[in-house]
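What follows is each chain in one-letter form.
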Amino acid sequence: CASPKSGGRLRQGGSEEGMSAGGQGVKVPHPMTTVTVALVLMSVSTLQAMAAVLSKSSDGTYPYKVIGATLMSEVFKLAVSSALLSAELSKMRDPLQRQVAVHYTARSVTMAALPGVAYQILNNLNFVTLQYVDAPTFQILGNTKIVATGIAGVLLLNRHMSRGKWLALVLLTLGAATTQIPTGEACRATHFFEGKLTGYLSALVCVFLSATMGVFTELYMKGNVASIHFQNMQLYFFGILANALALLYRGEIGPAAQTPLFHGFNFWAAVTVVTNGGCGLAVAFLLKFADSIAKTYATALAIPCTSLAAALFLGDPITAPNLLGSCVMVISLAYFYKGDQIFANIANTIKPQNIPGLAAAVKLPSPPPTNGTTR
């Protein structure tokens with residue numbers, strides 16, 4: 001995948017971006033480490049989705065405060081990041097190296113605060129959208145965030161992608177949307193795309209806001225060489241603050257609260273909190289050392305993984321749309337990352353001179369003469 005532009009303001013002179021205590025660049029992990037983290041994100045996302053379903057009451061509702069669970073996930077991530085930062089600093093002997101690891105500026109702190117506020121706005125917009133369109137339509141429209149992530153990468157990071165890669169993102173969008181098409185009675189009860197224009201406009205705002213914040217967070221993570229754990233701590237601090245204010249506004253904590261914060265929490269709710277936190281930590285790693293496209297593929301491919309897990313452990317059937325969409329998503333993955341190599345190999349294989357017996361059977365045209373004479 002393409003990387004952010006290298007000529008930004010922070011990369012000039014003695015800037016903080018791209019520089020470390022010893023004047024070296026950011027230490028990039030081994031590619032297999034990135035692949036492993038992507039697989040972990042897919043696995044934990046699958047477990048998180050399963051736990052969220054199992055945490056519901058018999059009537060299909062959550063017996064606990066959902067924003068409270070999100071708040072606890074932010075607290076969990078902050079605690080883990082603090083422990084990891086402490087362990088990292090304890091291994092550093094160079095004072096300058098330790099100073100760089102916890103370096104911050106007013107700009108970096110402001111950038112860390114923005115996603116927390118934006119995601120709270122996004123959560124409220126999601127509720128507004130669901131007032132005008134049905135849930136299946138909303139889910140299908142939400143998959144356009146995949147292409148929107150590519151557009152946001154072009155606008156914010158000056159990322160360049162070939163037509164083939166854009167096609168791969170479109171395939172991923174179509175595959176993800178296909179997996180969410182209901183079947184049977186659920187399909188007959190669903191009225192696709194019969195909502196009001198306001199709902200569709202709100203859905204588009206949600207899509208582009210979510211995609212923009214994902215790429216913006218990538219820009220923040222790559223914007224300086226402070227420790228990833230210190231950067232995460234800033235993100236999660238403001239995430240805690242934003243969720244706490246949302247709970248206070250909704251009257252779910254504080255003097256107006258009728259029940260305690262942990263009211264209705266059960267075992268699977270706790271698992272949801274921990275797995276959601278694990279997803280956040282894995283996403284931060286991918287945004288720091290890979291890019292938002294890699295994160296998008298990892299989270300999108302969690303959909304077929306979740307369907308398979310639901311079939312194995314909950315007895316849910318794997319539907320035809322789910323199977324078809326999952327296949328399209330896997331094709332998209334191969335096309336995005338290995339498309340050029342795959343097609344080059346195919347083109348080289350089907351050349352007549354590379355096929356035994358065919359070169360002799362087919363009379364190939366002779367090369368033109370080079371000495372100016374004619375035959």
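The coordinates are above.
Residues numbered from 1 in each chain as written. Predicted model: local features only at pLDDT ≥ 70, side-chain atom pairs only at ≥ 80, totals over all residues. Heavy atoms only, no water.

1. Brief notes about the overall build of the protein chain
Move 1: For the protein chain, the count of helices and strands is 15 helices and zero strands.
Move 2: Looking at the protein chain residue by residue over its 375 residues, the buried ones come to 39%.
Move 3: Of all intrachain contacts in the protein chain linking residues separated by at least 6 positions in sequence, the fraction that spans at least 24 positions is 82%.
Move 4: As presented, the protein chain carries roughly 20,600 Å² of accessible surface, and 66% of it is formed by carbon and sulfur atoms. (Helix = DSSP H or I, 4+ residues; strand = E, 2+ residues; numbered from the N terminus. Buried < 20%, exposed > 50% of the residue type's maximum accessible area, 1.4 Å probe, protein only. Contact = heavy atoms within 4.5 Å. Areas by Shrake-Rupley, 256 points an atom, 1.4 Å probe, with all protein chains shown as cover.)

2. A closer look at a nonpolar patch on the surface
Move 1: On the surface, Val 53, Leu 54, Phe 267, Trp 268, Leu 308, Leu 312, Phe 313, Leu 314, Ile 318 and Leu 323 cluster together into a nonpolar patch covering about 1,000 Å² of accessible area.
Move 2: For the nonpolar patch, the secondary structure elements donating two or more residues are helix H1 (31-54), helix H11 (267-289) and helix H13 (302-313).
Move 3: For the nonpolar patch, the element with the highest residue contribution is H13, accounting for three residues.
Move 4: Note on placement: Leu 323 falls in helix H14 (residues 320-349).
Move 5: A relative accessible area of 53% means that Leu 323 is categorised as exposed. (Patch = residues over 30% accessible without salt bridge, like charges linked within 9 Å, V, L, I, M, F, W, Y side chains within 5 Å. Salt bridge = Lys/Arg side-chain N within 4 Å of Asp/Glu carboxyl O.)

3. Some remarks on the packing of helix H10 (residues 228-249) against H11
Move 1: At a minimum axis separation of 11 Å, H10 and H11 run at an interaxial angle of 125°. Relative to H11, the element H10 lies oblique. Taken as a pair, H10 and H11 cross one another with a handedness that is right-handed. Each of Ile 228, Gln 231, Asn 232 and Tyr 236 in H10 lies in contact with H11, whose residues at this interface are Gly 280, Leu 281, Ala 284, Phe 285, Lys 288 and Phe 289.
Move 2: Residue classes in the contact of H10 with H11 are distributed as six nonpolar, three polar and one charged. (Axes fitted to C-alpha atoms, helices over the stretch in contact; angles between N-to-C directions. Parallel < 35°, antiparallel > 145°, perpendicular 65-115°, else oblique. Left-handed = near helix turned anticlockwise from the far one by under 90°. Nonpolar A, V, L, I, M, F, W, Y, C, P; charged D, E, K, R; others polar.)

4. Description of the packing of H1 against H13
Move 1: Packing of H1 against H13 leaves a shortest axis separation of 9 Å and a crossing angle of 50°. As the angle between them shows, H1 and H13 are arranged oblique. Considering the relative orientation of H1 and H13, their crossing is right-handed. Contacts between H1 and H13 involve Met 42, Ser 45, Thr 46, Ala 49 and Met 50 from the first element and Ala 302, Cys 305, Thr 306, Ala 309, Ala 310 and Phe 313 from the second.
Move 2: Residue composition of the contact of H1 with H13, by class: eight nonpolar, three polar and no charged.

5. Quick look at the pattern of salt bridges
Move 1: Applying the stated rule across the entire model yields four salt bridges.
Move 2: With a shortest N-O distance of 2.9 Å, Glu 74 and Lys 77 are connected by a salt bridge. One end of the pair, Glu 74, and the other, Lys 77, are both in helix H2 (residues 66-90), three residues apart, so they sit about a helical turn from each other.
Move 3: Look at Lys 77 and you get buried, because its relative accessible area is 8%.
Move 4: Counted as one network, the salt bridges with shared partners bring together Arg 159, Glu 218 and Lys 222.

6. Considerations on the packing of aromatic side chains
Aromatic ring pairs are reported here in terms of the distance separating the ring centres and the angle at which the planes meet.
Move 1: Inspection of the entire model under this criterion finds 10 aromatic pairs.
Move 2: On the basis of an interplanar angle of 55° and a centroid distance of 4.9 Å, the ring pair of Phe 285 and Phe 289 is categorised as tilted. With Phe 285 and Phe 289 both in helix H11, this residue pair falls four residues apart, about one helical turn.
Move 3: Residue Phe 285 is classed as buried on the basis of its relative accessible area, which comes to 17%.
Move 4: Plain terms: the ring middles of Phe 336 and Tyr 337 are 4.9 Å apart, the flat faces sit at 70° to each other, and that makes the pair edge-to-face.
Move 5: Given a relative accessible area of 2%, Phe 336 falls into the buried group. (Phe/Tyr/Trp six-rings, centres within 6.5 Å; stacked < 30°, edge-to-face > 60°.)

7. Section: the nonpolar core
Move 1: Grouped together as the largest cluster of nonpolar side chains are 38 residues, with contacts concentrated most on Leu 41, Leu 169, Met 221, Leu 286, Tyr 297 and Phe 336.
Move 2: Secondary structure elements with two or more residues in this core: H1, helix H4 (106-130), helix H7 (163-179), helix H9 (197-221), H10, H11, helix H12 (292-300) and H14.
Move 3: At seven residues, H11 tops the list of elements feeding residues into this core.
Move 4: Every residue in contact with Tyr 297, bar those within four places of it in the chain, is listed here: Ala 168, Leu 169, Leu 172, Ser 332, Leu 333, Phe 336 and Tyr 337.
Move 5: Tyr 64, Ile 67, Leu 71 and Val 273 belong to the second-largest nonpolar core, a separate cluster that totals 10 residues. (Core = buried A, V, L, I, M, F, W, Y, C linked by side-chain atoms within 4.5 Å.)

8. Quick look at unusual backbone geometry
Move 1: The residue Asn 158 is not glycine, and still its phi comes out positive at about 55°.
Move 2: Relative to the assigned elements, Asn 158 resides in the loop between helix H6 (145-157) and H7.
Move 3: Taking relative accessible area as the criterion, Asn 158 reaches 36% and is therefore assigned partly exposed.

9. Some words on H4
Move 1: Look at H4: 37 Å from first C-alpha to last across 25 residues, which is about the 36 Å you get at 1.5 Å a residue.
Move 2: Among all positions in H4, only Ser 108, Met 111, Ala 112, Ala 113, Pro 115, Gly 116, Ala 118, Gln 120, Leu 122 and Thr 129 are buried. (Expected span 1.5 Å × (residues − 1).)

Any functional reading would require information beyond the geometric quantities listed.
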